[in-house]
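Coordinates in review
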Amino acid sequence: MVAAKPVGGEKYYVLLVDCGGDHQVKPRIYEQHEYLTRAGYTKIIGLRDVRPNFTYEQIPKLERDLKKYIKTSLIPVEFVLAVMEIEAWFLAEFNHFPKIDPLVTVSTIKATLGFDPESADLQLRDTPRDDLERSYMIGGKNYEKPAYTTIACLDYSYIYLELQHKVAYLKRLVASIDEFLI
């Protein structure tokens with residue numbers, strides 16, 4: 001969950017909350033919605049994976065269910081889905097692989113694992129987390145959560161300028177953040 005509000009001398013103030021699992025994103029937002037509104041926050045963004053509790057075909061139902069019982073009289077709440085997992089976004093940001101290990105490249109992933117992180121729609125991968133782990137293993141590295149190492153290696157310029165145009169929910173997240181910052 002991300003909540004944003006302008007405060008004091010800061011131009012922006014963003015509160016990031018680890019809800020303790022995807023199944024907790026909506027309940028935490030529901031519980032905190034009124035408080036965050038009274039505290040002056042201007043927007044809440046709930047980010048959650050689709051799997052393991054939902055399939056690709058169940059995404060429309062998941063989206064409908066997330067919006068149920070959210071009070072529209074309070075600050076806006078937007079739910080953004082990582083299809084199937086946030087790791088699909090990490091896989092699609094293929095520039096970071098050599099930063100994890102020089103042996104991990106798009107060509108070695110294609111040759112070893114049989115998919116192309118540069119051109120494939122990685123949201124259609126059933127288990128992106130496992131794909132990311134197998135990709136890192138090419139260089140003898142592990143993917144671990146929390147994903148601090150991966151996050152530090154991501155090419156945010158590429159994500160902002162190009163990747164968001166290939167991944168609809170990522171584009172929604174970027175647009176929502178841009179709306180707050182601009």
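Now for a look at the structure at hand. (Residues numbered from 1 in each chain as written. Predicted model: local features only at pLDDT ≥ 70, side-chain atom pairs only at ≥ 80, totals over all residues. Heavy atoms only, no water.)

A short note on the overall build of the protein chain
Using the following cut-off: Helical segments are the DSSP runs of H or I of at least four residues, strand segments are the runs of E of at least two, and each set is numbered from the N terminus. Values of the radius of gyration come from C-alpha atoms, whereas the globule rule sets the reference at 2.2 Å times the count of residues to the power 0.38. Each residue's exposure class comes from its accessible area (1.4 Å probe, protein chains only) as a fraction of the maximum for that residue type: buried when under 20%, exposed when over 50%, partly exposed otherwise. When checking whether two residues touch, look at their non-hydrogen atoms; a contact exists if any pair is within 4.5 Å. Note on areas: these come from Shrake-Rupley sampling with a 1.4 Å probe, and a residue is covered only by the protein chains present in the view.
Scanning the protein chain for helices and strands turns up 9 helices and 4 strands. The N-to-C order of helical and strand elements in the protein chain reads β-β-α-β-α-β-α-α-α-α-α-α-α. For 182 residues, the compact-globule estimate of 2.2 N^0.38 gives 16 Å, and the protein chain sits close to it at 18 Å. Structurally, the protein chain occupies a C-alpha span of about 55 × 40 × 25 Å along its principal axes. When the 182 residues of the protein chain are sorted by exposure, 42% land in the buried category. When contacts within the protein chain are restricted to residue pairs at least 6 apart in sequence, those whose partners lie at least 24 apart make up 70%. Taken as a whole, the protein chain presents about 10,100 Å² of accessible surface, with 55% of it coming from carbon and sulfur.

Description of the environment of lysine 68
Inspection of the secondary structure assignment puts lysine 68 in the loop between helix H2 (59–67) and strand S4 (77–82). Take lysine 68: its relative accessible area is 43%, and that puts it in the partly exposed class. Separated by 52 residues in the primary sequence, lysine 68 and leucine 16 place their C-alpha atoms 23 Å from one another.

Notes on a nonpolar patch on the surface
Our working rule: Patch criteria: residues need more than 30% relative accessible area and no salt bridge. Like-charged residues are merged within 9 Å; nonpolar side chains of Val, Leu, Ile, Met, Phe, Trp and Tyr are merged within 5 Å. Within this document, salt bridges are pairs made up of a side-chain nitrogen of Lys or Arg and a carboxyl oxygen of Asp or Glu, the two lying within 4 Å of each other.
There is a patch of nonpolar side chains on the surface, built from Tyr12, Ile177, Leu181 and Ile182 and spanning about 390 Å² of accessible area. In this fold, isoleucine 177 is placed in helix H9 (residues 168–181).

Brief notes about the pattern of salt bridges
The full count for this structure, using the stated rule, is 13 salt bridges. Salt-bridge contacts for lysine 68 lead to aspartate 65; the nearest nitrogen and oxygen are separated by 3.6 Å. Of the charged contacts in the structure, one is a salt bridge between arginine 125 and aspartate 131, with a shortest N-O distance of 2.8 Å. Each of Glu34, Arg38 and Lys71 takes part in salt bridges that share partners, so that together they form one network.

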